[in-house]
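The residues making up each chain are set out below.
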Amino acid sequence: MAQVIGTLPWVVAPPGLSVAPPAPPGLQVTAVTPQLLLNAQGQVQPIQPAPAGPGPSPTAVAKAPPAASSCPEPPTVSQLGAKPPAPPGTEEDGINLEEIREFAKNFKLRRLSLGLTQTQVGQALTATEGPAYSQSAICRFEKLDITPKSAQKLKPVLEKWLREAEQRQREGQQHLLEFVGGEPGKKRKRRTSFTPQALEALNAHFERNALPTGAEITRIAQELRYEREVVRVWFCNRRQTLKNTSKLNVFHVP
DNA sequence: AGTATGCAAATAAGG
DNA sequence: TCCTTATTTGCATAC
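- In the nomenclature of an unreviewed UniProt entry, chain A is known as POU domain protein of Hirundo rustica rustica.
- UniProt lists a comment for chain A under the heading Subcellular location (unreviewed entry), and it reads "Nucleus".

### Quick notes on the UniProt feature "DNA-binding region" (unreviewed entry) in chain A
Line of reasoning, step 1. As annotated in UniProt, the feature "DNA-binding region" (unreviewed entry) corresponds to residues 187–246 in the numbering used here.
Line of reasoning, step 2. Helix and strand shares over residues 187–246 are 72% and 0% respectively, and the end C-alpha atoms of the span are 34 Å apart.

### Concerning the packing of helix H6 (residues 196–208) against helix H7 (residues 214–224)
The packing of two helices is summarised by the inter-axis angle and the distance between the axes.
Line of reasoning, step 1. Two numbers describe how H6 lies on H7: the axes approach to 11 Å, and their chain directions differ by 160 degrees. It follows from the interaxial angle that H6 and H7 lie roughly antiparallel. Here H6 and H7 pass one another in a crossing that is right-handed. Of H7, the residues touching H6 (which contributes Ala198, Ala201, Leu202 and His205) are Ile220, Glu223 and Leu224.

### As for the environment of Asp145
Line of reasoning, step 1. With respect to the element layout, Asp145 can be found in the loop between helix H4 (135–143) and helix H5 (148–170).
Line of reasoning, step 2. Residues Asp145 and Val77, spaced 68 residues apart in sequence, show a C-alpha to C-alpha distance of 6.4 Å.
Line of reasoning, step 3. The residues touching Asp145, leaving out its near neighbours within four places in the chain, are Thr76 and Arg140.

### Considerations on the side chain of Thr76
Line of reasoning, step 1. Position of Thr76 relative to the elements: it lies in the segment before helix H1 (77–81).
Line of reasoning, step 2. Owing to a relative accessible area of 11%, Thr76 belongs among the buried residues under this scheme.
Line of reasoning, step 3. Of the polar contacts made by the side chain of Thr76, one reaches the side chain of Ser78; its length is 3.2 Å.
Line of reasoning, step 4. Contact partners of Thr76, with chain neighbours within four places excluded, come to Leu144, Asp145, Ile146 and Thr147.

### Digging into the nonpolar core
Line of reasoning, step 1. With 26 residues, the main nonpolar core has Phe107, Val121, Leu125, Phe141, Leu158 and Trp161 as its most contacted residues.
Line of reasoning, step 2. Of all the secondary structure elements, the ones that give two or more residues to this core are H1, helix H2 (97–113), helix H3 (118–127), H4 and H5.
Line of reasoning, step 3. The leading source of residues in this core is H5, at seven residues.
Line of reasoning, step 4. The contact partners of Val121, leaving out residues within four places of it in the chain, are Phe107, Arg111, Leu116, Ile138 and Trp161.

### Some remarks on unusual backbone geometry
In terms of backbone geometry, most residues other than glycine have negative phi values and most peptide bonds are trans.
Line of reasoning, step 1. Unusually for a residue other than glycine, Leu144 sits at a positive phi of about 60 degrees.
Line of reasoning, step 2. With respect to the helices and strands, the residue Leu144 is situated in the loop between H4 and H5.
Line of reasoning, step 3. Positioned with a positive phi, Arg225 is a non-glycine residue whose angle comes to about 65 degrees.
Line of reasoning, step 4. Within the element layout of this structure, Arg225 appears in the loop between H7 and helix H8 (228–251).
Line of reasoning, step 5. With a relative accessible area of 28%, Arg225 lands in the partly exposed category.

### Here's the deal with the packing of H3 against H5
Line of reasoning, step 1. Where H3 contacts H5, the axes come no closer than 11 Å and their chain directions differ by 95 degrees. Here H3 is positioned roughly perpendicular relative to H5, judged by the angle of their axes. The residues of H5 that touch H3, namely those facing Val121, Ala124 and Leu125, are Val157, Leu158 and Trp161.
Line of reasoning, step 2. Considered class by class, the residues forming the contact of H3 with H5 number six nonpolar, no polar and no charged.

### A look at a positive patch on the surface
Line of reasoning, step 1. Together, Lys149, Lys153, Arg188 and Arg191 make up a region of like positive charge exposed at the surface.
Line of reasoning, step 2. On the secondary structure map, Lys149 appears in helix H5.
Line of reasoning, step 3. Accessibility expressed as a relative area gives 68% for Lys149, which makes it exposed.

Each value, and the rule that gives it
Residues numbered from 1 in each chain as written. Chains lettered and ligands numbered in written order. Predicted model: local features only at pLDDT ≥ 70, side-chain atom pairs only at ≥ 80, totals over all residues. Heavy atoms only, no water. UniProt positions renumbered as here; feature names shortened; annotations may be inferred. Helix = DSSP H or I, 4+ residues; strand = E, 2+ residues; numbered from the N terminus. Axes fitted to C-alpha atoms, helices over the stretch in contact; angles between N-to-C directions. Parallel < 35°, antiparallel > 145°, perpendicular 65-115°, else oblique. Left-handed = near helix turned anticlockwise from the far one by under 90°. Contact = heavy atoms within 4.5 Å. Buried < 20%, exposed > 50% of the residue type's maximum accessible area, 1.4 Å probe, protein only. Polar contact = N/O pair within 3.5 Å; in protein donor to acceptor, adjacent residues only side chain to side chain. Core = buried A, V, L, I, M, F, W, Y, C linked by side-chain atoms within 4.5 Å. Nonpolar A, V, L, I, M, F, W, Y, C, P; charged D, E, K, R; others polar. Patch = residues over 30% accessible without salt bridge, like charges linked within 9 Å, V, L, I, M, F, W, Y side chains within 5 Å. Areas by Shrake-Rupley, 256 points an atom, 1.4 Å probe, with all protein chains shown as cover. Salt bridge = Lys/Arg side-chain N within 4 Å of Asp/Glu carboxyl O. Lys, Arg positive; Asp, Glu negative; His and termini not counted. Charge placed at Lys NZ, Arg CZ, Asp CG, Glu CD.

Pasting the structure below:
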């Protein structure tokens, strides 16, 4: 059977490594994130020409699609619980929902006892070997706003971390939020944030050709200064989004 | 300040 | 290798 943690080739990016931007002036390194301090990833971000307005106004993102958000979303744990017959022993695809619910509740309680925020837990998990999760993930887990499958995957990770965190507290609370363990670095690649300029360019390319060849993707990537893979995936996702939205519109003619 | 959440990157799985 | 489809997950920001 498939196992918990997937096997990702993405190497963990040790925080605090210096980027070597071969890029021209006006280089931008990943949008500043308030929640996570570590950026690393050593990814060269896109150049940022002259936007438009010299004004200091920060807000300038353009909303393209009107958004018809109602895709076939998978049911979350909490939703499943609201089903008619949901007596003791609720199970979904071999997953004990009750147990997960209980742990989620418990987890939150114990997290609070440790005096930690979701953000801190997320950071701790990120610093850890093994899978990393964000504040969002912790939040969703506690609320059970995730699929049973995801919850099942998260549970052991949180369980282990919590146990060790409590133990560390018990002993000298030396190193607050860190712990070693788990396998070698297997972490999800950090999510790329495209600049509005880059998105504009990407969309322009997409309009001309939604299915660029490998060579074209390479060119675009170089032009925009993003990893080729990132650009390739962008096109895949863009196609998917387009397909999904138009599919919806067929049945929803306003 | 923490937490919740919308949109969309990133990933998994089957060609 | 890279596509599609389905899904997981996180950045950014709203609350």
